Amino acid sequence: MNWVALVLWGGWVGADTTSFAQVMISRPIVAATGAGLILGRPVEGLTVGVLLEIFALIILPIGAARYPEYGTAAVAACAGYVHAVTEGAPAAGALFLAVAFGLLWERVAGATVTALRRANERLVAGAAEQGAFTAGRLERLHLAALGADFARAALVVGVGSGAALLLLRFAGPVWAIGESATAGALAVAAATMLAGTQALFDGWAGRRVTFGLGLLCGLAILLSR
Amino acid sequence: MRRLGRWTRARVFLRSFLVQASWNYRTLIGSGFAFALVPAFREVFRGDDRAVDEAVRRHARLFNSHPYLSPVALGAVAVLEAEGEGAEVIERFKTALRGSLGTLGDRLIWAGWRPLCVLFALAVLLAGAAWWVGVLVFLALYNAGHIAVRVLGYQLGLREGLRIGEQIRSPGVMRVQRALPTLGSFLAGLLLPLVVAGPFVQGAALTEALGDRGRLPLVWLAAGAAGALVGLRFGARVRTPVVIALWIITLGGILAGMDGS
């Protein structure tokens, strides 16, 4: 039952990315937490989601750009992580593997988005150019495209969750890097990506005062703990 | 001057949430734009199915806009169609509008409001809030802005029609556009030390892996600071190298383990 709910959640997450509403349940921080909630472990879902979110921040869906689909990948990565890890056990290695898998699977998912858009090009834009396009036909094709996107995303999550589970079950027990070093590598990657988001806000040169002010406040919070 | 009925206006607005469902590389959101306008065509050309189909064909051509700002164009075009404006004028108007709506939305929403809301939610989480608080804060804050942009944009389009171009370049919009990066860069700076030196999420497995205080050893803090400098220097270009580095470490971690077992 959980897997059915997970795949349906994945379909909704995928559709939210482009086709319907874009209320941002497709952000990793929401998508992975939702998947964790479905599987009964929302905190673990959020942990995977936060890390993948930091990688997703910098991606902008501008114009006709092709970009990785991080939402469905986050759901799949979370599913693999939750199933492979015992609740409460130290699991930096499994977390690392889940994040690396999510960053790989988002490319696969992105390729399926491109393929669907090509199909839309033939079906919808092609029909429009043939001239015999009616309002009713447009409505049917448009809604069919929405359904196809939902089905695509559900499939991406279903296959991806299975692949993530296999990877974590196989690679988790043989993971050779220590817990602290694994967590350190993740933290360094996250810090690099987070600093990279400064490019969205006019870059370092444009906002160094506000960035520096934020940095000081962050350090003050850290030291006060 | 003809005015569209309230129910028709509401249906066009609700359909704007689906404007990208048949997104494709040839007409971009063109077919979705025509799909959203169908209720307006059916009211304007009531009883004349041929005219409705003809209007659909005219509007299903190439069009692009940020999805949240598409209601601006939808409102304006619906009004122009209701007023019986010529097809050429409407087409020129759409061509002039699509660049502005795309650029403005990309800057205001994708590169401004969205990362700002994500960073704020991360700050809430790293401050120790429960998992559901961070997620709900993000969804509520982000969608308050999202829905406001859609509603206000649609009302503006319906009210201003052809004059919409002047309104979307108003000083108020520009002020918001300037404020978002300021807040965003502050939050990015605030989060940086917390992400490197603190636990990602309270109670999560990683925290426990790091020991009692959930802090990394000093060498990793230094590496995190160096990584941050690289990120500041290279911006979005760091993503691919960092992802590849993680994949290499993954392979290394697995192969070394298999070798040792």
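Residues numbered from 1 in each chain as written. Chains lettered and ligands numbered in written order. Predicted model: local features only at pLDDT ≥ 70, side-chain atom pairs only at ≥ 80, totals over all residues.

A. The overall build of chain A, seen in detail. Looking only at helices and strands, one finds 9 helices and 0 strands in chain A. Going residue by residue from the N terminus, the α and β elements of chain A occur as α-α-α-α-α-α-α-α-α. Based on the C-alpha atoms only, the size of chain A along its principal axes is roughly 70 × 45 × 25 Å. Here chain A holds 225 residues, and the buried ones make up 62% of them. When contacts within chain A are restricted to residue pairs at least 6 apart in sequence, long-range pairs at least 24 apart make up 76% of them. (Helix = DSSP H or I, 4+ residues; strand = E, 2+ residues; numbered from the N terminus. Buried ≥ 20, exposed ≤ 12 C-beta atoms within 10 Å, placed from the backbone. Contact = placed C-beta atoms within 7 Å.)

B. Layout of the domain arrangement of chain B. All names here are of chain B. Domain boundaries assigned for chain B yield domain 1 (6–216) and domain 2 (217–261). Between the C-alpha centres of domain 1 and domain 2 there is a distance of 34 Å. Taken together, the 4 residues of domain 1 in the interface contact 5 residues of domain 2. Each residue belonging to the side of domain 1 that touches domain 2 can be placed in one class, and the counts come to 4 nonpolar, no polar and no charged. (Domains from an automatic or database assignment. Nonpolar A, V, L, I, M, F, W, Y, C, P; charged D, E, K, R; others polar.)

C. Up close: the nonpolar core. V75, A77 and V99 of chain A together with L191 of chain B are the most contacted members of the largest nonpolar core, which has 167 residues in total. For this core, the leading source of residues is helix α5 (residues 92–130) of chain A, giving 18 residues. Lining this core are residues from two domains, each supplying at least three of them: domain 1 (6–216) and domain 2 (217–261) of chain B. Contact partners of V99 of chain A, with chain neighbours within four places excluded, come to V48, L51, L52, A77 and L186 of chain A together with L246 of chain B. (Core = buried A, V, L, I, M, F, W, Y, C linked by C-beta atoms within 7 Å.)

D. Examining unusual backbone geometry more closely. Of note in this structure, A21 of chain A is not a glycine but carries a positive phi near 80°. Relative to the elements of secondary structure, A21 of chain A occurs in the loop between α1 (2–18) and α2 (28–38). With 16 C-beta atoms packed within 10 Å, A21 of chain A lands in the partly exposed category. Residue L28 of chain B is not a glycine yet carries a positive backbone phi of 55°. By the element assignment, L28 of chain B lies in the loop between α1 (6–15) and α2 (30–44).

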